[in-house]
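Single-letter residue listing:
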Amino acid sequence: MDQAYSDTDATREAALANVSLAERAWRIRRNALLMGEVQGQGYVGQALGIADVLAVAWFHTMRYRADDPHWEGRDRFLLSIGHYAIALYAALIEAGVIPEDELETYGCDGSRLPMSGMASYTPGMEITGGSLGHGLGIAVGMALGLKRKNSDRFIINLMSDGELGEGSTWEAAMGASHHRLGNLINLVDFNNQQADGPSREMLSSEPVDAKFAAFGWHVQRVNGNDIDKVREAFDIAMSLADDRPRAIIFDTRMGRGVPFLENREITHFIRVEAHEWKLALDALEEGRPS
């Protein structure tokens with residue numbers, strides 16, 4: 001533990017220990033639905049699907065200070081997929097980085113929570129994503145910078161399966177391996193959905209795990225909606241003894257936790273009717289961890 005670790009950090013960790021990761025994931029899903037209801041739209045399918053991964057990242061793995069988002073000793077979480085902003089906001093609200101009452105401003109004029117993530121607006125948003133395929137390249141630069149500063153902090157980049165079709169992603173993967181960036185963890189949300197249809201049918205990237213391994217990465221592939229498996233994967237990635245960059249491919253289900261949204265035929269941008277937001281919240285409540 002570094003010297004900057006304080007009594008405040010210890011007190012916060014003790015409080016967090018009383019809330020299960022499953023409950024954190026449930027709250028992240030609820031925050032996302034409440035924000036979606038504000039605008040009547042949003043990429044809630046992705047938020048529901050990736051909530052378990054975000055819960056483990058923010059409440060089990062990462063080092064940060066909620067009251068000081070720019071603390072030098074933090075691990076950096078990069079959101080390459082800017083349209084997943086609603087998911088990250090939901091986690092940042094749960095983490096106390098963003099006040100809960102700002103949830104009601106989602107997507108509104110003057111809000112710190114625009115519908116696509118922008119680093120200049122939002123505390124805890126490390127990069128402005130959205131032009132897909134750029135996040136991993138930025139992550140490589142950040143990880144290289146931290147390595148040269150002899151920092152023991154990690155760069156964690158979240159990208160989509162669709163970004164695996166971008167050449168810049170694989171250039172960055174090659175660079176990470178070349179520079180032996182063992183402080184880089186790349187998370188791939190493999191929900192097999194893109195705007196035009198299933199990812200595997202648009203441009204298949206399979207076998208994803210074998211491709212990253214061929215580029216010199218340590219690779220794991222797990223069920224991204226099994227929170228115990230997710231936690232185990234993060235623990236392995238954080239504790240790996242060698243200096244290979246680490247990739248975790250998470251197979252997730254869009255709309256997870258709200259059965260009638262999980263079963264929608266088109267899930268990249270789920271259409272939720274006005275009366276369905278309450279139904280979704282009620283369905284989520286029924287599945288709340290005990």
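Since the model is a prediction, treat every value here as computed from it, not as a measurement.

Peer 1: Give me the lowdown on the packing of helix H3 (residues 44–61) against helix H9 (residues 227–239), citing residues and values where you can.
Peer 2: Relative orientation of the contacting elements H3 and H9 amounts to 50°, with a least axis distance of 9 Å. Classified by the angle their axes make, H3 and H9 are oblique. Relative to H9, H3 is oriented so that their crossing is right-handed. Counting all contacts with H3, which are made through Asp 52, Val 53, Ala 55, Val 56, Ala 57, His 60 and Thr 61, the residues of H9 involved are Ile 227, Val 230, Arg 231, Phe 234, Asp 235 and Met 238. In terms of residue class, the contact of H3 with H9 is made up of eight nonpolar, two polar and three charged.

Peer 1: So what's going on with the packing of aromatic side chains? Which residues, and what values?
Peer 2: Enumeration over the complete set of coordinates arrives at seven aromatic pairs. Each ring, one from Trp 170 and one from Phe 212, has its centre 4.9 Å from the other, and the planes form 45°; the classification is tilted. One end of the pair, Trp 170, is in helix H6 (residues 167–178); the other, Phe 212, is in helix H8 (residues 208–214), and 42 residues separate them in sequence. Just as Trp 170 is buried, Phe 212 falls in that class too. Ring centres of Trp 170 and Phe 215 lie 5.2 Å apart, and the angle between their planes is 45°; on these two criteria the pair is classed as tilted. With Trp 170 in helix H6 and Phe 215 in the loop between H8 and strand S4 (218–223), this pair connects stretches of sequence that are 45 residues apart. By the ring-pair criterion, three or more aromatic residues cluster together here, those being Trp 170, Phe 212, Phe 215 and Trp 217. Positioned above the aromatic ring of Phe 190 is the side chain of Arg 221, whose terminal nitrogen or guanidinium carbon lies 5.0 Å from the ring centre.

Peer 1: Which residues make up the side chain of Asn 192, and what values go with them?
Peer 2: Structurally, Asn 192 can be placed in the loop between strand S3 (184–190) and helix H7 (199–203). For Asn 192, the side chain forms a polar contact with the main-chain nitrogen of Arg 200, separated by 3.0 Å. In contact with Asn 192, other than residues within four places in its own chain, are Asp 161, Pro 198, Ser 199 and Arg 200.

The rules we used
Residues numbered from 1 in each chain as written. Predicted model: local features only at pLDDT ≥ 70, side-chain atom pairs only at ≥ 80, totals over all residues. Heavy atoms only, no water. Axes fitted to C-alpha atoms, helices over the stretch in contact; angles between N-to-C directions. Helix = DSSP H or I, 4+ residues; strand = E, 2+ residues; numbered from the N terminus. Parallel < 35°, antiparallel > 145°, perpendicular 65-115°, else oblique. Left-handed = near helix turned anticlockwise from the far one by under 90°. Contact = heavy atoms within 4.5 Å. Nonpolar A, V, L, I, M, F, W, Y, C, P; charged D, E, K, R; others polar. Phe/Tyr/Trp six-rings, centres within 6.5 Å; stacked < 30°, edge-to-face > 60°. Buried < 20%, exposed > 50% of the residue type's maximum accessible area, 1.4 Å probe, protein only. Lys NZ or Arg CZ within 6 Å of the ring centre and 35° of its normal. Polar contact = N/O pair within 3.5 Å; in protein donor to acceptor, adjacent residues only side chain to side chain.

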